[in-house]
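Chains, contacts and geometry: an overview
Each chain, letter by letter, is given below.
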Amino acid sequence: MGKRHFGWMLALGTSVGGLMAAALPAHAGDRETAQATVDTRAAVEQPKIIAWRRDIHEHPELGNQETRTAALVAKHLKSLGLEVRTGVAKTGVVAVLRGGKPGPVVALRADMDALPVVEQVDVPFASKVKTQYNGQEVGVMHACGHDTHVAMLMGVAEVLAGMKDQLPGTVKFIFQPAEEGLPKGEVGGAEQMLKEGAFENPKPDAVFGVHVISTLHAGDVGYRPGPFMAAADEFVITVHGKQSHGALPWTGVDPIVTASQIVLGMQTIESRQMEVIKEPSILSVGSIHGGNRNNIIPDTVTLNGTIRTFDEGMRADIDKRLRRTVAGIAESAGATADVDIIKGYPVTINNPELTAKIVPTLQRVAGKDHVKLIDKVTPSEDFSFYEQQAPGVYLFVGITPPETDLSKAASNHSPKFFVDESGLIVGARTLAHLTVDYLYGL
Ligand SMILES: [Zn+2]
Ligand SMILES: [Zn+2]
C-alpha cells in the first residue's frame, strides 16, 4: 500500500504544481498568504468591532450631526497611520491606506447616521439620547444598523493597515454622514461626499459596501447583480379648483373629486402603461389634504406620495406620464394642478460582471450555504451615487438571530430592530476579503 500510495501522491503533486504554475498569476502564493492573514487578524478584531458598535449604538447621532462618531473614526484611522481627511460633507471622514505594492484602488463605504426613533430594545447599551428634529423632541436610535457599518469598517481598516505590505494597491475608507436623508434645505450624504472629492485622489476602480438587514440570519450574506434597491422620488400634487358651497357644487370646481380621480388615474400608469415584465415600479399616495368642514368645497387639495423604480429610463418615463395624467384629469374637470417631483436617490445598480466575480469570495468567507441570491428591495440607498462613479457591489449582511423566524424579526427602522452581533464578523471579513481579492485580481 505504502509504495503505491507514495507514487500516486508524487504524480498528483507534480501535475497540480504544473497546473498552478500555468493557470495562476505570479503572486498566487502571496494572495493565499494575504487571505490567511485577513482571517487571523479579523478574529483578533471581533471583540473590538463589537465594543465600537455598542459605544456608537449608545451615542447615536442624526444625519449631518455625527461629530462624536466622526471623531472616533478619525482618531482610530490616524492611529493606524492612514492619510485622513475630516469634515467632508460636514462630518464625513475619508482615509487612504497605501499598500506596499502598486495596484488598483478599492473604496469601502460605511454610513454613520441614526434615526429619530425611540429605542425599545432591551440591551445595556440601548440609546437614551433625545434631540430636536423638525421642531419636535425625538429619541435617537441606530435603528438601521449604521452603528454596525461604522464599527465593521473601523475593524476592516485595522485588519488591512496591519498587513499593508501584503497589499498590491490602495484602499480608500469612506465614512459618510446622512444616508437617511435630511430635513428640507440641508444637503449631505453620498452625493455631497462626491461633490467634495471623496472619489478623487485617488479615484477608486471599484467600490464595495454592506448593509445589515433583518431579513437575513446572522452568518448569511445576500447579493443581487444589476438593479438591487429602488430609486425613490417624492411627488407633491396641488389641485386647484374653485371654492364653493357644498350644496352648490356647480358654482365652483371641486378639487376633492378631481384629486380622487387623479389618485385612481395614476395607478393606471403602473398597471396599464409601464412594461411590467421589464422592472417593477410603485406609485403610492401617502397623504391627501383638503378642506375643513362638511359643507364647503375647498379651493385646493394636496396629494403627497412616493415613486419607486428600478430602471432610470422607466423612472424618467413615469415622471412624464404622471405629469400628463394629472394635467389631463385636472383639465377635464376645469381645474389645474401643479406637479412637483422631488428626486431622491437613484437606482442602486450592482455592476453585473463585478458581482459575478465576487461570488466565489463571498462563498469562501461565509460558506456556500450562507450566500443567498436575494430579490430586489424597494427601499432606496445613497450608495447608488458611488456606483454611478465606479463599478460597485452593495451587499446585505444578516443580523437576525438564527433561531428567530425571519418573518417575525423587527425590520430596519423599527424601534425593536435587533442586531445579532455574530453577523458583524462576517460583514467585516467580507469587506476585507473583497478588498484583498480585488487588489490581487478577481
Ligand atoms: Zn435606513
Ligand atoms: Zn440604512
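Reading the values: the criteria
- Residues numbered from 1 in each chain as written.
- Chains lettered and ligands numbered in written order.
- Predicted model: local features only at pLDDT ≥ 70, side-chain atom pairs only at ≥ 80, totals over all residues.
- Heavy atoms only, no water.
- Phe/Tyr/Trp six-rings, centres within 6.5 Å; stacked < 30°, edge-to-face > 60°.
- Helix = DSSP H or I, 4+ residues; strand = E, 2+ residues; numbered from the N terminus.
- Buried < 20%, exposed > 50% of the residue type's maximum accessible area, 1.4 Å probe, protein only.
- Expected span 1.5 Å × (residues − 1).
- Arc of directions from axis to C-beta.
- Pairing = 2+ DSSP bridges.
- Axes fitted to C-alpha atoms, helices over the stretch in contact; angles between N-to-C directions.
- Contact = heavy atoms within 4.5 Å.
- Domains from an automatic or database assignment.
- Buried area = accessible area lost by both parts, 1.4 Å probe.
- Nonpolar A, V, L, I, M, F, W, Y, C, P; charged D, E, K, R; others polar.
- Donors = N, O, S within 2.8 Å, 3.2 Å for Na, K, Ca; no water.
- Tetrahedral: all angles 85-135°; square planar, octahedral: opposite > 155°, others 65-115°.
- Core = buried A, V, L, I, M, F, W, Y, C linked by side-chain atoms within 4.5 Å.
- Parallel < 35°, antiparallel > 145°, perpendicular 65-115°, else oblique.
- Left-handed = near helix turned anticlockwise from the far one by under 90°.

Moving on: the packing of aromatic side chains. Between two aromatic rings, the relevant description is the distance of the centres plus the angle of the planes. By the definition in use, this model includes six aromatic pairs. Judged by centre distance (6.3 Å) and plane angle (70 degrees), the rings of Phe208 and Tyr438 are edge-to-face. Placement of Phe208 in strand β7 (residues 206-217) and of Tyr438 in helix α10 (residues 422-440) is noted, with a sequence separation of 230 residues between them. Ring centres of Phe383 and Tyr394 lie 4.5 Å apart, and the angle between their planes is 25 degrees; this geometry places the pair in the stacked category. In this pair, Phe383 sits in helix α9 (residues 383-387) while Tyr394 sits in strand β18 (residues 392-400), placing the two residues 11 residues apart along the sequence. Look at Phe383 and you get buried, because its relative accessible area is 0%. Here the aromatic cluster, defined as three or more aromatic residues joined through ring pairs, consists of Phe199, Phe383, Tyr386 and Tyr394.

This brings us to helix α3 (residues 67-79). The end-to-end C-alpha distance of α3, which contains 13 residues, comes to 18 Å, matching closely the 18 Å that a straight helix rising 1.5 Å per residue would cover. Taken together, the buried positions of α3 are Thr69, Ala70, Val73, Ala74, His76 and Leu77. Mapping the buried residues of α3 onto a view down its axis gives an arc of 165 degrees, with all of them on the same face. In α3, the exposed positions angled more than 90 degrees off the buried face are occupied by Thr67, Lys75, Lys78 and Ser79. Gly81 sits one or two positions beyond α3 and adopts a positive phi of about 85 degrees.

Now for the sheet that holds strand β14 (residues 300-309). Strands sit in the order β12-β14-β10-β15 across an open sheet of four strands; the sheet is antiparallel. At either margin of the open sheet sits one strand with a lone partner, and together these are β12 (281-289) and β15 (336-342). Within this sheet the neighbouring strands show an average axis-to-axis angle of 20 degrees, counted without direction. Summarising the sheet, strand β10 (residues 231-240) and β15 pair through seven bridges and their orientation is antiparallel. Within the sheet, the bridge partner assigned to His240 lies in β15 and is Thr336. Along the sheet, helix α6 (residues 255-273) contacts β10, β12 and β14; its crossing angle with β12, the most-contacted strand, is approximately 170 degrees. Along the sheet face, helix α7 (residues 312-332) touches β10, β12, β14 and β15 and points at about 165 degrees away from the line of β15.

A common measure of how large an interface is: the accessible area buried when the components associate. Partitioning the protein chain into domains gives domain 1 (27-228 + 347-440) and domain 2 (231-344). For domain 1 versus domain 2, the distance between C-alpha centres works out to 38 Å. On the domain 2 side, the residues contacting the eight residues of domain 1 number 10 residues. Between domain 1 and domain 2, the buried area comes to about 790 Å², and carbon and sulfur atoms account for 63% of it. When its residues are assigned to classes, the side of domain 1 that touches domain 2 shows five nonpolar, two polar and one charged.

Our next topic: the coordination of the zinc ion (ligand 1). Six octahedral donors around a metal ideally subtend angles of 90 or 180 degrees, whereas four tetrahedral donors ideally subtend 109.5 degrees. Within the protein, the atoms that donate to the zinc ion (ligand 1) are Cys144 (SG), Glu180 (OE), Glu180 (OE) and His413 (NE2), at distances of 2.0 to 2.8 Å. Each of the four donor atoms around the zinc ion (ligand 1) contributes to a set of angles spanning 51 to 149 degrees, which defines the coordination as irregular. On the primary sequence, the residues serving as donors to the zinc ion (ligand 1) are separated as C-x35-E-x232-H. The distance between the zinc ion (ligand 1) and the zinc ion (ligand 2) is 3.0 Å, with Cys144 acting as a donor to both metals. Taken together, the residues span a long stretch of sequence, with Cys144 in the loop between β5 (136-139) and α4 (146-161) and Glu180 in the loop between β6 (168-176) and α5 (190-195) at a distance of 36 residues.

Before going further, it helps to spend a moment on the nonpolar core. Residues Leu108, Val156, Leu160, Phe173, Phe175, Phe208 and Leu395 are the most contacted members of the largest nonpolar core, which totals 71 residues. Examining the composition of this core, we find that 11 residues originate from one element, α10, more than from any other.

Contact pair helix α8 (residues 352-366) / α10: the axes reach a minimum separation of 10 Å and the direction vectors enclose 130 degrees. In this view, α8 runs oblique relative to α10, as classed from their interaxial angle. Remark: the crossing between α8 and α10 carries right-handed chirality. Contact with α8, carried on its side by Leu354, Ile358, Thr361, Leu362, Arg364, Val365 and Ala366, involves Val426, Arg429, Thr430, His433, Leu434, Asp437 and Tyr438 of α10 and no other residues of that element. By residue class, the composition of the contact of α8 with α10 is eight nonpolar, three polar and three charged.

Their axes nearest at 10 Å, the elements α3 and α4 cross at an angle of 10 degrees. The pairing of α3 with α4 is recorded here as roughly parallel in orientation. Facing Thr69, Leu72, Val73, His76 and Leu77 of α3, the residues of α4 in contact are Val150, Met154, Ala157 and Glu158. Considering only residue class, the contact of α3 with α4 consists of six nonpolar, two polar and one charged.

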